[in-house]
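Listed below, chain by chain, are the residues.
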Amino acid sequence: MAQILTTHLTLALAELSKHVIGKNSDCPDELLYGRAGYLYALLFVNNRITPPPFEASLIKQVIGCILNSGQVTAKAVRSEFPLLYSWHDKLYLGGAHGLAGILFLLLQAVPYLTEYQLKEQIEPAIHYLMKMRFVSGNFPSSVGNQSDKLVQWCHGAPSMTMLFHQAYKVFGKPEYLQVALGCGDVVWSRGLLKKGYGICHGVAGNAYTFLYLYQATKEIKHLYRACKFAEWCMNYGKHQNRTPDRPFSLFEGLAGTIYFLIDVQQPLFANFPAYAV
């Protein structure tokens, strides 16, 4: 029965490819609704089923579409950098809808990337993000936005921590780890949010910053910071001034907070859900 269900689900996922890479596809590229999310699904399933059900050719096609789309947008706005992505007419930079989330997924697909894609398209885009950093160490939510306000996974430093941590793992360049560590300091000083406890724009999502830095450095201060944010989350409802639109969901609500509280108990194996493969 389990085998039949798995086969059915993988066939359904494969069938969605026509909406993602089809010639007339208008699919966006971002994580939550677009091609980067579809790429995550393919990588996730291939990493957990033997033999992997999805051919490398399909994954490479999805990657190619994402990179081509980023080039088209960058040229359209006359950017000097190779990749940019538009979502609802804004050039977002964060994890949920923007460049950081897309690059993070691409860097988890290194076995399917060409050397040119990795070194001439993806890494220059990472350098572009580094130049966008505020003096505070935080990042704007979109290109042209000068408001240093948002510190949450969907917009701001937390998702940048994960991207630059992954870039450090792939390229081995210390400057990427330094950016990630700087983001960690931003989250520690500004990351206890009144808007909620979820992983998208809440305290649990911000706390993953410290779990990734602990994995990278093994420095106990990062684990301590994660635990202090977990302590805040244990008083669920006490600190927030709004109820999430979907109060029990993974990204906005209680499910994501519980996921983090389980992950923090095994910090070396923690992974941001539906994002890290």
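See above for the structure.
Basis of the calculations
- Residues numbered from 1 in each chain as written.
- Predicted model: local features only at pLDDT ≥ 70, side-chain atom pairs only at ≥ 80, totals over all residues.
- Heavy atoms only, no water.
- Helix = DSSP H or I, 4+ residues; strand = E, 2+ residues; numbered from the N terminus.
- Rg over C-alpha atoms; globule rule 2.2 N^0.38 Å.
- Buried < 20%, exposed > 50% of the residue type's maximum accessible area, 1.4 Å probe, protein only.
- Contact = heavy atoms within 4.5 Å.
- Salt bridge = Lys/Arg side-chain N within 4 Å of Asp/Glu carboxyl O.
- Expected span 1.5 Å × (residues − 1).
- Core = buried A, V, L, I, M, F, W, Y, C linked by side-chain atoms within 4.5 Å.
- Axes fitted to C-alpha atoms, helices over the stretch in contact; angles between N-to-C directions.
- Parallel < 35°, antiparallel > 145°, perpendicular 65-115°, else oblique.
- Left-handed = near helix turned anticlockwise from the far one by under 90°.
- Disulfide = S-S within 2.5 Å.
- Phe/Tyr/Trp six-rings, centres within 6.5 Å; stacked < 30°, edge-to-face > 60°.
- Nonpolar A, V, L, I, M, F, W, Y, C, P; charged D, E, K, R; others polar.

1. Overview of the overall build of the protein
On a plain count of helices and strands, the protein comes out with 11 helices and 0 strands. Listing each helix as α and each strand as β along the protein from the N terminus yields α-α-α-α-α-α-α-α-α-α-α. Compactness check: the protein gives a C-alpha radius of gyration of 18 Å against a globular reference of 19 Å for 277 residues, within 12% of the reference. If you line up the protein on its principal axes, its C-alpha atoms span 55 × 50 × 35 Å. Taken across its 277 residues, the protein has 55% of its residues classed as buried.

2. With respect to the side chain of Ser-17
Along the chain, the position of Ser-17 falls in helix α2 (residues 17-21). Not counting residues within four places of it along the chain, the set of residues in contact with Ser-17 comprises Gly-22, Tyr-38 and Leu-58.

3. Here we look at the pattern of salt bridges
This structure, assessed with the given rule, holds 8 salt bridges. Across the salt bridge formed by Glu-115 and Lys-119, the nearest N and O atoms sit 3.1 Å from each other. Here Glu-115 pairs with Lys-119, and both are found in helix α6 (residues 115-131), just 4 residues apart, close to one helical turn.

4. A word on helix α9 (residues 203-217)
An ideal rise of 1.5 Å per residue puts 21 Å on 15 residues; α9 measures up with 22 Å between its terminal C-alpha atoms. Taking burial as the measure, the 15 residues of α9 include 13 buried ones, the bulk of the element. Positive backbone phi, at 60 degrees, marks Lys-218, one or two positions downstream of α9.

5. A short note on the nonpolar core
General note: in soluble globular proteins, nonpolar side chains tend to be found buried as a group. Ranked by internal contacts, the top residues of the largest apolar core, which has 90 residues, are Leu-103, Trp-153, Phe-164 and Phe-260. When neighbours within four sequence positions are excluded, Phe-260 is seen to be in contact with Ala-204, Ala-207, Tyr-208, Leu-211, Ala-226, Ala-230 and Cys-233.

6. Concerning unusual backbone geometry
Omega for the peptide link from Thr-50 to Pro-51 comes to -5 degrees, which places this bond in the cis form. The phi dihedral of Lys-218 falls on the positive side, at around 60 degrees, and the residue is not glycine.

7. Notes on the side chain of Gln-215
Tracing the chain through its elements places Gln-215 in helix α9. When neighbours within four sequence positions are excluded, Gln-215 is seen to be in contact with Pro-267, Leu-268, Phe-269 and Ala-270.

8. Comments concerning the packing of helix α3 (residues 35-48) against helix α5 (residues 99-107)
To describe two helices that pack against each other, one gives the angle between their axes and the distance between the axes. Contact pair α3 / α5: the axes reach a minimum separation of 9 Å and the direction vectors enclose 25 degrees. By the angle between their axes, α3 is roughly parallel relative to α5. In this structure, α3 meets α5 at a crossing whose hand is left-handed. The segment α3 lies against α5, with Ala-36, Leu-39, Tyr-40 and Leu-43 engaging Ile-102, Leu-105 and Leu-106.

9. Points about α3
Helix length check: α3, at 14 residues, gives a terminal C-alpha distance of 20 Å against a target of 20 Å (1.5 Å per residue), a fit within 8%. Here α3 lies mainly inside the structure; 11 of its 14 residues are buried.

10. Side note on the state of the cysteines
Per the counting criterion, the structure on display carries 0 disulfides. As a non-bridged cysteine, Cys-27 has Cys-65 as the owner of its nearest cysteine sulfur, 9.0 Å distant. Cys-154 provides the cysteine sulfur closest to Cys-200, a residue in no disulfide bond, and the two sulfurs are 3.8 Å apart. Looking at Cys-200, the relative accessible area reads 8%, which means it is buried.

11. Here's the deal with the environment of Glu-80
Of note, Glu-80 is situated in the loop between α4 (56-76) and α5. Distance in space between the C-alpha atoms of Glu-80 and Thr-6 is 44 Å, their sequence separation being 74 residues.

12. Comments concerning the packing of aromatic side chains
In this structure the tally under the stated criterion is 19 aromatic pairs. Here the aromatic rings of Phe-81 and Tyr-128 are separated by 4.4 Å at their centres, their planes lie at 50 degrees, and the arrangement is tilted. You can see Phe-81 sitting in the loop between α4 and α5 and its partner Tyr-128 sitting in helix α6, a full 47 residues away along the chain. Seen from their ring centres, Phe-164 and Tyr-176 are 6.2 Å apart, and the 45 degrees between their planes marks the pair as tilted. Residue Phe-164 is located in helix α7 (residues 157-171), and its partner Tyr-176 is located in helix α8 (residues 174-190); the two are separated by 12 residues in the primary sequence. Note on accessibility: Phe-164 and Tyr-176 belong to one class, buried.

13. As for the packing of α4 against α6
Look at α4 against α6: their axes get within 12 Å of each other, and the N-to-C directions meet at 35 degrees. Our pair here, α4 against α6, has a crossing hand that is left-handed. Facing Ile-63, Leu-67 and Gln-71 of α4, the residues of α6 in contact are Gln-117, Gln-121 and Ile-122. Its residues placed into classes, the contact of α4 with α6 shows 3 nonpolar, 3 polar and no charged.

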